[in-house]
Structures are given as structure tokens and as C-alpha cells.
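What the coordinates show
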Amino acid sequence: KHLIQVINPNTNVAMTHTIAQAARSVAAPSSEIIAVCPTQGVESIEGHFDEAIAAIGVLEQIKRGKEQGVSGHVIACFGDPGLLAARELASGPVIGIAEAAMHAATMVATRFSIVTTLPRTVIIARHLLRQYGFEHHCAALHAIDLPVLALEDGTGLAQMKVRERCIQAMKEDNSGAIVLGCGGMANLARELTAELGIPVIDGVTAAVKMVESLIALGLGTSKHGDLAYPNKKPLSGCFDMLS
Ligand SMILES: NC(=O)NC1=NC(=O)NC1=O
């Protein structure tokens, strides 16, 4: 069995469960999903400040996963917080859910739209589109204008808004696919794909399958150059947990 660590970078236990369920729904029989979230940090990630905090928790979990002998890691937040730092620490592959969903979308459509949570997180998705080279593949970005944890409040309002926004995007953007812009939306993709008749892509499930593929190909994170293990140096205060 290959252990695959799926990290919810926020500390919300309900969302960690949503993410874990989605990951396990597609995991191969040869994979075992270990779903975790930081021991300390922020309950939802809705901007640059939250991402900076969450990145430390991601690194702490990457280190723990390595100690547990996991074969690969997923960063299950649509900002892919701490992705490159995590790749320096990791031996196996590390894939972010935005990266995974965007790549999958470009394989099934020439253009895709993104439906995310708060308007202020749209800029983070834009930065990732540029970083990954997908600016010209993304036709539009939409926000349901609800906070991330509305997806776990049990009212179904956020899920209804996601559905409405996906239908609107399909009509307005002339995109062939839609990317769900939050780890907490992971359980909505299959139903929306069936109902809308358009690939609606969740990054958690996409990332799990991509990590499995890289593991099967014998591809870990390159340790040649900038993703080599961090230079050894003393880490002071609370950061000594990372040394
Ligand atoms: N765009 C987002 O909603 N990002 C996210 N914040 C979280 O806490 N999890 C996400 O996926």
C-alpha cells in the first residue's frame, strides 16, 4: 500500500472530513489516504494573511508525513499554500488542488472557468493561473461571495450558490469546463458534472489521482536545484518543530 497524505491547510475538522471523503472516493485500492490538518493555525483560508499562517502548518504536516513514510502529499486548499516550500521538504510528489484541477481542465477543454468562495480569493487564483501558465486557458473567475466555512454550516446555501454560479458560468463564459475553487467543494463535482453535462472539476480528487500517477511512474520531487532539501540551520522558537 502507498500512503498518500492529504493536508487540509485550515484547521476546520468538518472540512477535513469532507476532503478526506472525496479523496477516499477515488483512491486506488493500492492507496491509503491519511487526511490531516495543522495542529495550529487558521480555521479557513481567505486571503494572503491566512495563507502565510497556513503554510507553516502545511510544512509541519509534510514533515510528519515524511516521518510516517508517506509516498506523496496533496495540499487541499485552492491557494496551494506553501506548495514550493513543501516540495523542498518532501521526497515524494506534492500537488496542490488548484494546480491539479487546472491541469485536468486543460486536458478536457480549451478554456475553463473557476467558481470560488470570496471575491478576495479570486486574486489568489489569478496569481496561480499566471504561476502555472494557465492565464490564457481561464475564461473567467466567479465567487459565490460566501465565506469558506459556509460550505460546512449545514444549510446547503453555499452548495446552492455554487450550483447557480456554475450554471451561470456555463452560459456566459463559453468555457468547456468548470474548476471548483475550494477544497470544501470537493463533494459537489460529480453531481454538478452529471446535472450540467460539462466537466466540473474538483482539485482534491484530481490531485489524489495525479499523486498516484507520479508515484506509479517513480517520480518524486526533484532534489536537484531549488527544490533540494532546505539548507540545515537552527530554527528558533516555535519553528524548531520544523528542524
Ligand atoms: N478559495 C478558497 O476557498 N480557498 C480555500 N480556503 C480554505 O480554507 N480552503 C480552501 O480551499
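Quick note: structure is the one above.
A brief structural summary. (Residues numbered from 1 in each chain as written. Predicted model: local features only at pLDDT ≥ 70, side-chain atom pairs only at ≥ 80, totals over all residues. Heavy atoms only, no water.)

Before going further, it helps to examine the sheet that holds strand β4 (residues 94-96). The pairing of strands in a sheet happens through backbone hydrogen bonds and is either parallel or antiparallel. On the basis of which strands lie adjacent, the open sheet formed by four strands has the order β2-β1-β3-β4 and parallel pairing. Strand pairing shows two members of the sheet lacking a second neighbour, β2 (31-36) and β4, which therefore form its edges. The sheet shows a mean angle of 20° between the axes of neighbouring strands, taken without regard to direction. Bridge count between strand β1 (residues 2-7) and strand β3 (residues 72-75): four bridges; the pairing is parallel. Note that in β3 the partner of Ile-7 across the bridge is Ile-75. Each of β3 and β4 is contacted by helix α4 (residues 97-108), which is oriented at about 75° to β4, the strand it contacts most. (Pairing = 2+ DSSP bridges. Helix = DSSP H or I, 4+ residues; strand = E, 2+ residues; numbered from the N terminus. Axes fitted to C-alpha atoms, helices over the stretch in contact; angles between N-to-C directions. Contact = heavy atoms within 4.5 Å.)

With that settled, the discussion passes to the sheet that holds strand β7 (residues 177-181). Pairing within the open sheet is parallel, and its four strands lie in the order β6-β5-β7-β8. Where the open sheet ends on each side, the last strands, each with one partner, are β6 (138-143) and β8 (200-202). Along the sheet, successive strands turn relative to each other by an average axial angle of 25°, direction set aside.

We now examine helix α2 (residues 48-68). Relative to the 30 Å expected for 21 residues at 1.5 Å per residue, α2 spans 30 Å between its end C-alpha atoms, a close match to the ideal helical length. Where α2 is concerned, the buried positions are Asp-50, Glu-51, Ala-54, Ala-55, Gly-57, Val-58, Leu-59, Glu-60, Gln-61, Ile-62 and Gly-65. Tucked inside the fold, the buried residues of α2 contact β1, β2, β3, α3 (83-89), β4 and α5 (122-132). (Expected span 1.5 Å × (residues − 1). Buried < 20%, exposed > 50% of the residue type's maximum accessible area, 1.4 Å probe, protein only.)

The next subject is unusual backbone geometry. At Asp-80, a position not held by glycine, the phi torsion is positive, near 50°. Along the chain, Asp-80 turns up in the loop between β3 and α3. According to the relative accessible area criterion, Asp-80 is buried, its value standing at 5%. With phi around 60°, Asn-174 is a residue other than glycine that occupies positive phi space. One can find Asn-174 in the loop between α6 (157-172) and β7.

Here we take up helix α1 (residues 13-26). The α-helix winds at 3.6 residues per turn, so residues separated by three or four positions along the chain end up facing the same way. For α1, which comprises 14 residues, the first-to-last C-alpha distance of 21 Å matches the rise-based estimate of 20 Å (1.5 Å per residue) to within 8%. Turning to α1, its buried residues number three or more, namely Met-15, Thr-16, Thr-18, Ile-19, Ala-20, Ala-22, Ala-23 and Val-26. Turning to α1, the residues buried within the fold contact β1, β2, α7 (189-196) and α8 (203-216). Where α1 begins, the capping side chain belongs to Asn-12, and its oxygen is found 3.2 Å from the backbone nitrogen of Ala-14. (Polar contact = N/O pair within 3.5 Å; in protein donor to acceptor, adjacent residues only side chain to side chain.)

Time to look at the packing of α4 against α5. The contact between α4 and α5 brings their axes to 11 Å, and the two run at 65°. Viewed along their axes, α4 and α5 form a crossing whose handedness is right-handed. Listed contacts from α5 to Ala-98, Glu-99 and Met-102 of α4 are Ala-125, Leu-128, Leu-129 and Tyr-132. When grouped by side-chain class, the residues that make up the contact of α4 with α5 number six nonpolar, no polar and one charged. (Left-handed = near helix turned anticlockwise from the far one by under 90°. Nonpolar A, V, L, I, M, F, W, Y, C, P; charged D, E, K, R; others polar.)

One simple way to see leftover space: roll a probe sized like a water molecule over the atoms. Put simply, the largest pocket is a space of about 470 Å³. As for the largest pocket, its lining consists of 15 residues, and the residues nearest its centre are Leu-89, Pro-230, Asn-231, Leu-235 and Leu-242. Where the lining of the largest pocket is concerned, the elements lending two or more residues are α2 and α3. If one sorts the elements of the lining of the largest pocket by residue count, α2 sits on top with four residues. Here the lining of the largest pocket is built from residues that sort into seven nonpolar, two polar and six charged. Here the second largest pocket defines a volume of roughly 240 Å³. Lining of the second largest pocket is provided by 14 residues; of these, Val-26, Ala-189, Arg-190, Asp-202 and Thr-205 occupy positions nearest its centre. Of all the elements in the fold, those that place two or more residues in the lining of the second largest pocket are α1, α7 and β8. Counted by class, the lining of the second largest pocket contains eight nonpolar, four polar and two charged residues. (1 Å grid on protein atoms, 1.4 Å probe; cavity = no way out; pocket = protein on both sides within 12 Å on 5 of 7 lines; lining within 4 Å. Points joined across faces, edges and corners; volume = space filled by probe spheres on them.)

So, to be careful, I would describe these as geometric facts and stop short of saying anything about function.
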